[in-house]
Amino acid sequence: MSAQALRIPRTGFGRGQVQAVAGCYFVASFAALGLPPYLTEILPELGDRQARWAGVLYIVPTVFGALGAPLWGRLADRFGRKRLLLRAQLGLAVSFLLAGWADSMATFTVALVLQGILGGTFAASNGYLGAALEGPALSRALTLMQGSARAALVVAPIVVGSLSGWLSPHRQYALLAVLPLTAALLLAALPEPDPAERPQAEPETVDEVVPVVSLKVLYALEFAFVFSTVISFPYLIQLVDDRVPGTSAALSGVLFALPHLVYLVTALAVHAAFRDRPRAGIALGFACIALGLAGHGVAGSLTSLIAVRLLLGVGLTLGLVCLSVLAADCARGRAPGGMFGSLEFFSKAGAVAAGLAAAAGSARFGPAAPVLIGGAAAAVTVFATLLPTLNHRTRRSR
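Keep in mind the model is a prediction, meaning the values are calculated, not measured.

## Concerning the overall build of the chain
Item 1. Looking only at helices and strands, the chain features 17 helices and 0 strands.
Item 2. Here the chain holds 398 residues, and the buried ones make up 52% of them.
Item 3. Sequence separation of 24 or more characterises 85% of the internal contacts of the chain that already satisfy a separation of 6 or more.
Item 4. Accessible surface for the chain amounts to roughly 17,600 Å². Of this, 66% is attributable to carbon and sulfur atoms.

And the structure:
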């Protein structure tokens, strides 16, 4: 069997099912992505008047999500990907209900811990898709999943803010619990992926197809990408206010959303252009991230800030799309639940490291420090990504 034959989606799982999984992830992510920015308003209701614990609680679901992701992934490979995906959606619903009705800091913290442990809908969704699709079909589906995440990241905080006049962000946790419950009901109608539909000759062919990068390299790239991009998130609004005093909250929100909007507009076109050369795309993506973040450190006007945010969006898009291609390539012939669970661990570990580095750098050197640290990390990754290619060409020239 040819390598091209390996790329055909398995029977009975088409575009509609992929869109259903992505749509369910989008609606289930509203509370997880839209409410954390409002922790400074939630915590005073629970007794923390100055919201001193906001920074710590912001990363609590991420930390516990990272710890639980590999285990849930392996259990999905053993007991069924659909079953574990439903578990993740129901786990989110339970944790959101508890957070919404919490009347103390202790109970609210427990709810966030449970959100991390019982959630993991992104890794569970990717594992489900990885069992049903492969090759370009899988990488395109993973690109669509990232689009769902970007869309939720842009839309959810706006919706939460709009609802705040009628219902406090704290109580919105309980209201938004209906979304993962709805997602679970929709996902229950989807089939369980059947990885058994493979010709007898396929295992030998899988062994002959060498991944573009090893799993260790994929995990390292995921960590470096998340670290270098997420580190700019927590203190961006403060940086914008420092560079362009008097910027409205609405305009600051638009600047925050710009890179994610670039992804939503261009991701599928970038996938078509780089699906056969992901190593070049990931190197170019890290280069754009490094230049974009460095530009944040020197931008002194609204126009220059827009320009560097767009450049960062180009890097974000190239990185996310090419990481999806590399992940789909590595998933061929492997148990997808365990692989995507481990990948989620390194992603969340990068986010935690970025949050800690951003806090330490901002406290010591000011609001520009996080973007400069992230830019330096991205620049180092560019050279690390290109080095194997340069060594290979040098050996061939000899």
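The structure having been displayed, the exposition proceeds.
## Some points on the packing of aromatic side chains
Item 1. Enumeration over the complete set of coordinates arrives at 9 aromatic pairs.
Item 2. Seen in terms of ring centroids, Tyr219 and Phe346 are 4.8 Å apart; in terms of plane orientation they differ by 10°. Their pairing is stacked. Of this pair, Tyr219 sits in helix H11 (residues 215-230) while Phe346 is found in helix H16 (residues 336-365), placing the two residues 127 residues apart along the sequence.
Item 3. Pairing Phe225 with Phe286 gives two aromatic rings, centres 6.2 Å apart and planes at 80°, and the pair type is edge-to-face.

## Structural notes on the nonpolar core
Item 1. One finds Phe108 and Leu129 to be the most contacted residues of the largest nonpolar core, which totals 84 residues.
Item 2. The element that contributes the greatest number of residues to this core is helix H15 (residues 302-331), accounting for 12 residues.
Item 3. Leave out the neighbours within four places in its chain, and Phe108 touches Leu39, Ile42, Leu43, Leu46, Leu57, Ala99, Ala102, His170 and Tyr173.
Item 4. In this structure, Val240, Val244, Leu305 and Val308 belong to the second largest nonpolar core, which totals 9 residues.

## Some thoughts on the packing of helix H1 (residues 15-34) against helix H7 (residues 136-163)
Between two packed helices, what matters for the description is the angle formed by their axes and the separation of those axes.
Item 1. Interhelical geometry of H1 versus H7 gives an angle of 35° and a closest axis separation of 8 Å. Of the two elements, H1 crosses H7, and the hand of that crossing is right-handed.
Item 2. The class makeup of the residues in the contact of H1 with H7 is 19 nonpolar, 5 polar and no charged.

## Observations concerning the environment of Gly297
Item 1. Residue position: Gly297 is located in helix H14 (residues 278-298).
Item 2. Residues Gly297 and Ala369, spaced 72 residues apart in sequence, show a C-alpha to C-alpha distance of 7.8 Å.
Item 3. Gly297 has contacts with Arg243, Val371 and Leu372, leaving out every residue within four places of it along the chain.

## Describing the pattern of salt bridges
Item 1. Taken as a whole, this structure holds 5 salt bridges when the rule is applied.
Item 2. Between Arg81 and Asp77 there is a salt bridge; the shortest N-O distance is 2.9 Å.
Item 3. Among the residues examined, Arg81 registers a relative accessible area of 11% and is labelled buried.
Item 4. Here Asp77 falls in the partly exposed class, since its relative accessible area comes to 23%.
Item 5. Residue Arg332 pairs with Asp329 through a salt bridge whose shortest N-O separation is 3.2 Å.
Item 6. Relative accessible area serves as the criterion here: at 14%, Asp329 is assigned to the buried category.

## Notes on helix H3 (residues 54-79)
Item 1. The end-to-end C-alpha distance of H3 is 37 Å, a good match for the 38 Å that 26 residues give at a rise of 1.5 Å each.
Item 2. Of all the bends found along H3, the most pronounced is centred on Gly68 and spans about 35°, while Pro70, a proline, follows it within four residues.
Item 3. Every buried residue of H3 is accounted for by Ala54, Leu57, Val60, Pro61, Thr62, Gly65, Ala66, Gly68, Ala69, Pro70, Gly73 and Ala76.
Item 4. Taken together, the buried residues of H3 touch helix H2 (39-42), helix H4 (81-101), helix H5 (105-118) and H16.
Item 5. Following H3 by one or two positions, Gly80 adopts a phi angle in the positive range, close to 120°.

## Things to note about the confidence of the model for the chain
Item 1. Per-residue pLDDT for the chain has a mean of 86; in total, 90% of the residues score no lower than 70.
Item 2. Counted against residues more than four places away or in other chains, residues 1-11, with its pLDDT under 50, gives 32 contacts.
Item 3. Low pLDDT, under 50, characterises residues 390-398; the predicted model gives this stretch 0 contacts beyond four residues in sequence or across chains.

## What to know about the side chain of Thr381
Item 1. Counting through the fold element by element, Thr381 comes out in helix H17 (residues 369-397).
Item 2. Judged by relative accessible area, which is 10%, Thr381 ranks as buried.
Item 3. With residues near it in sequence (within four places) discarded, Thr381 still touches Leu221, Ala224 and Phe286.

Parameters and conventions
- Residues numbered from 1 in each chain as written.
- Predicted model: local features only at pLDDT ≥ 70, side-chain atom pairs only at ≥ 80, totals over all residues.
- Heavy atoms only, no water.
- Helix = DSSP H or I, 4+ residues; strand = E, 2+ residues; numbered from the N terminus.
- Buried < 20%, exposed > 50% of the residue type's maximum accessible area, 1.4 Å probe, protein only.
- Contact = heavy atoms within 4.5 Å.
- Areas by Shrake-Rupley, 256 points an atom, 1.4 Å probe, with all protein chains shown as cover.
- Phe/Tyr/Trp six-rings, centres within 6.5 Å; stacked < 30°, edge-to-face > 60°.
- Core = buried A, V, L, I, M, F, W, Y, C linked by side-chain atoms within 4.5 Å.
- Axes fitted to C-alpha atoms, helices over the stretch in contact; angles between N-to-C directions.
- Left-handed = near helix turned anticlockwise from the far one by under 90°.
- Nonpolar A, V, L, I, M, F, W, Y, C, P; charged D, E, K, R; others polar.
- Salt bridge = Lys/Arg side-chain N within 4 Å of Asp/Glu carboxyl O.
- Expected span 1.5 Å × (residues − 1).
- Bend = angle between axes of the 7 residues up to and from the residue.
- pLDDT = per-residue confidence, 0-100.

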